[in-house]
Amino acid sequence: MVGASKSGKTAQPSDKETKESSSKTDMPSVEIPHSLSVRELAELLSVSEVAVIKQLMRNSVMANINQIIDYAMAASVAASFDYEARPKTRSTGRLARTEIKKRLESEVGGNLRPRPPIVTVMGHVDHGKTKLLDAIRQTNVAATEAGSITQHIGAYQAEVNGQKITFLDTPGHEAFTAMRAHGAQATDIVILVVAADDGVMPQTLEAIDHARAADVPIVVAMNKMDKPEANPDLVKQQLADAGLLIEEWGGEVICIPISAKEKTGISDLLENLLLVAELEELKANPSRPAQGVVIEAKLDKTKGPLTTVLIQNGTLKLGDTLAIGTSWGRVRAMFNNKGKQVKRAEPASPVEVLGLDSVPQFGELVTAVAGEHQARALVQMHQQEREVGSARAAKAVTLTNIHDQISAGAVKALYVILKTDVQGSIEPIRASLEQLTTEEVKVKVIHSGSGNITESDVMLASASKGLIISFNTGTEPGAKRSAETEGVAIRHYDVIYNLVDDVGKALKGMLAPTYVEVVEGRAEVRAVFPRGKVGKIAGVYVTEGTVSRSASVRVKRQDKMLSESTLSSLKRFKDDVREVNTGYECGVGVKDFNDIEIGDILEFYRIEESR
């Protein structure tokens, strides 16, 4: 008799069995996809990559942190950490998209309609981004089954089986991220172009990181399949190592083999873009006033400021009043992507607008307002923000203010762009930083690479409200200027322990402030004038930067430092002034120093807290 003992009594579960059964039902569950990398599994289980690798080794599997493992192996590892594994269902949307949909659905009237997807093409140099856009245009012009497309003034618009797709013709991920830095989520889908004969390259990895930071779905276009040396399997493996697992390997990323040169696979790519767009459920409200983003702007000698605007929501009509950054005006004329004059532009349409009072900046947000009064008020607000220059910097995350922002609930994740001198330093630093994650804040390296800090790094940090950490590498001049403008914090280190220790202390609010010297300007002494009992006045020519009344001054003679002091006076002709710029002459008095001579160099500097 089943369930009965030899004595005839019904068998009861032992205390040990009861405890095991109870603990199993109490185990936390985790959703695991069909396949994922070791790093992603460690994040899901909230354990270190090393702990996961050790567990895999116990199962006779040797893997690095980028190695892709299947569901069965991942579930086994999860069980060893007391997690109950469940297969993850395919996601058809992302958090950012969900938030946008909720915002749209909350609009008055709820007049939401499906809209065309907006697509940006990204990838490594010479992998065929421009050729792909040309192939799309020519394929459509040739009236094949894909439909018709026309080259426009900053975007392409294709029609596939009666459905439109808008392509942004941008220089790459720098422009893509610059829009995000201005607050514009202008792209719905990213096409990642990878050459089948060259594989994943540094700019490919950058493009992937920028697309992920924007939370935008990626469709891979594997180009140059016509070449004999094409090796698609190697490219797929490289993509998997970079965290992009394509569908035929059990992932969620669509990968289409194409040849932009031979114009093969283009129709298949366009159809798959529409499939992804359908999953994203892209909608807009054409009944509301227009909102959009500037994708091109120029000054025409005869027409004045011409601005190419991508409408994202609402409908722009002839005669509407627009506010764009510090520019405003009434729409006097609009031209569509065929160059024809139109009276209205609906969501996902690019149009060239005539009527603004000045040329706006690329990436600026476009808002249709009720009239001139409201437009001027918005423009004045933007001007004040730029003059003060602190609006963006005040929101910036720095190591010195991260704890305060965490405590205030303003920051739930510390996003880091990591640049090192050599590739081998990246993984140990990344792993050490991401292990600093706490219940209050997640530390996430959203982009890493070797070499100097570039403007692209700064734009990504600005768009993601993150900071840049440099290890044994420098900052390009343009990147330094952009970081100051955007309020992006850059921290330089030459010892890994100090780097990780500082970030750990910052998260706990224990990091002591550090101070750096910032040179504001330099001037050459070209004349010396006696000033009675007061001493001497130096007639100087400002060779670089700015001479400021509030700055400290260092007097140098043939690279020998003679004095460190402050200014007792700063004059242009007979007038006292606050500052003098490069290329101008002025009179300078150095406090408590009278031994100044012609040919001396004055270096003006200030000490400020390092971010």
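No experiment lies behind these values; they were computed from the predicted model shown.

> Could you clarify how one ought to interpret the overall build of the chain in this entry?
A tally of helices and strands in the chain yields 17 helices and 34 strands. Split into buried and exposed, the 611 residues of the chain put 47% on the buried side. Of the contacts made within the chain by residues no fewer than 6 positions apart, 69% connect residues no fewer than 24 positions apart. When the accessible area of the chain is evaluated, it comes to approximately 30,800 Å², of which 49% is carbon and sulfur surface.

> What am I meant to see in the packing of aromatic side chains here?
In this description, a pair of aromatic rings is defined by centroid distance and the angle of the planes. Enumeration over the complete set of coordinates arrives at zero aromatic pairs. A cation over an aromatic ring shows up here: K303 above the ring of F335, its NZ or CZ 5.3 Å from the ring centre. Across from the ring centre of Y605, 4.2 Å away, lies the NZ or CZ of R554, which sits over that ring.

> Help me out: how do you make sense of helix α2 (residues 38-45) in this one?
Every α-helix winds through 3.6 residues per turn, so residues three or four apart in the chain are directed the same way. Looking only at α2, the buried set comprises V38, R39, L41, A42 and L45. Projected down its long axis, α2 carries its buried residues within an arc of 160°, all on one side. One or two steps after α2, the chain reaches S46, where phi turns positive at roughly 60°.

> Help me understand the pairing of strand β17 (residues 321-324), please; the structure alone is not making it clear to me.
Within a regular strand, the side chains alternate between the two sheet faces. Side-chain alternation along β17 places T321 and A323 on one buried face and L322 and I324 on a second face that is also buried. Bridge analysis of β17 against strand β18 (residues 327-335) gives four bridges, and the strand direction is antiparallel. Of the residues in β18, the one forming a bridge with I324 is S327. Across four bridges, β17 lies against strand β22 (residues 365-369) in antiparallel orientation. Within β22, the residue paired with L322 across the bridge is A368.

> Before we go on, may I ask you to explain the sheet that holds strand β25 (residues 467-471) in this structure?
Two orientations exist for strands paired in a sheet by backbone hydrogen bonds: parallel and antiparallel. Spatial strand order, β24-β23-β25-β26: four strands in an open sheet with parallel pairing. Each edge of the open sheet is held by one strand with a lone partner, namely β24 (442-450) and β26 (490-493). With direction set aside, neighbouring strand axes in the sheet form an average angle of 25°. As paired strands, strand β23 (residues 413-420) and β24 are joined by eight bridges and run parallel to one another. Pairing of T420 across the sheet is with S450, part of β24. Contacts from helix α15 (residues 455-464) reach β23, β24 and β25, with the element oriented near 175° to β23.

> Which parts of the structure should I look at to understand the confidence of the model for the chain?
Any region with low pLDDT has predicted coordinates that should not be read closely. Within the chain, residue pLDDT values average 81, and 82% of them lie at 70 or more. The least confident element of the chain is strand β7 (residues 149-151), whose mean pLDDT is 38; the most confident is strand β16 (residues 316-317), at 96. Within the model, pLDDT remains below 50 along residues 141-153, and this stretch shows 39 contacts once partners closer than five positions in the same chain are excluded. Predicted confidence for residues 390-394 stays below pLDDT 50, and this span has seven contacts to residues more than four positions away or in other chains.

> Hey, could you run me through the packing of α2 against helix α3 (residues 49-58) in this one?
Helix-helix packing is described using two parameters, namely the angle between the two axes and the distance between the axes. Where α2 meets α3, the axes come as close as 8 Å, and the angle between the chain directions of the two elements is 110°. Considering their axes alone, α2 and α3 lie roughly perpendicular with respect to each other. Crossing geometry of α2 relative to α3 is assigned as right-handed. For the pair α2 and α3, contact is made by V38, R39, L41 and A42 and by E49, V52, I53 and L56, respectively.

> Can you help me understand the pattern of salt bridges in this one?
In this structure the tally under the stated criterion is 22 salt bridges. A salt bridge links R376 to E372; its shortest N-O distance comes to 2.9 Å. Of the two residues, R376 and E372 are both situated in helix α11 (residues 372-388); the distance of four residues between them amounts to about one turn of the helix. For E520, the salt bridge identified is with R606, shortest N-O distance 3.0 Å. Here the residue E520 occupies a position in strand β27 (residues 515-530), and R606 occupies one in strand β34 (residues 601-609), the gap between them amounting to 86 residues. Take E520: its relative accessible area is 22%, and that puts it in the partly exposed class. Owing to a relative accessible area of 33%, R606 belongs among the partly exposed residues under this scheme. A network of salt bridges, in which partner residues are shared, links R522, E544, R554, K556, E564 and E603.

> Just checking my understanding: could you explain the nonpolar core for this structure?
Nonpolar side chains in soluble globular proteins tend to be buried together. Ranked by internal contacts, the top residues of the largest apolar core, which has 28 residues, are L132, I165, F167, I191, L270 and L273. Counting residues per element, the ones that place at least two in this core are β6 (118-123), α6 (129-141), β8 (155-160), β9 (163-168), β10 (189-195), β11 (218-223), β12 (254-257) and α10 (266-280). Considering every element that reaches this core, the biggest residue donor is α10, with seven residues. I165 has contacts with P117, V119, Y156, Q157, A158, V160, L270, L273 and L274, leaving out every residue within four places of it along the chain. Core analysis: the second largest hydrophobic core is formed by 24 residues, L414, V443, F471 and A489 among them.

Cut-offs applied
- Residues numbered from 1 in each chain as written.
- Predicted model: local features only at pLDDT ≥ 70, side-chain atom pairs only at ≥ 80, totals over all residues.
- Heavy atoms only, no water.
- Helix = DSSP H or I, 4+ residues; strand = E, 2+ residues; numbered from the N terminus.
- Buried < 20%, exposed > 50% of the residue type's maximum accessible area, 1.4 Å probe, protein only.
- Contact = heavy atoms within 4.5 Å.
- Areas by Shrake-Rupley, 256 points an atom, 1.4 Å probe, with all protein chains shown as cover.
- Phe/Tyr/Trp six-rings, centres within 6.5 Å; stacked < 30°, edge-to-face > 60°.
- Lys NZ or Arg CZ within 6 Å of the ring centre and 35° of its normal.
- Arc of directions from axis to C-beta.
- Pairing = 2+ DSSP bridges.
- Axes fitted to C-alpha atoms, helices over the stretch in contact; angles between N-to-C directions.
- pLDDT = per-residue confidence, 0-100.
- Parallel < 35°, antiparallel > 145°, perpendicular 65-115°, else oblique.
- Left-handed = near helix turned anticlockwise from the far one by under 90°.
- Salt bridge = Lys/Arg side-chain N within 4 Å of Asp/Glu carboxyl O.
- Core = buried A, V, L, I, M, F, W, Y, C linked by side-chain atoms within 4.5 Å.

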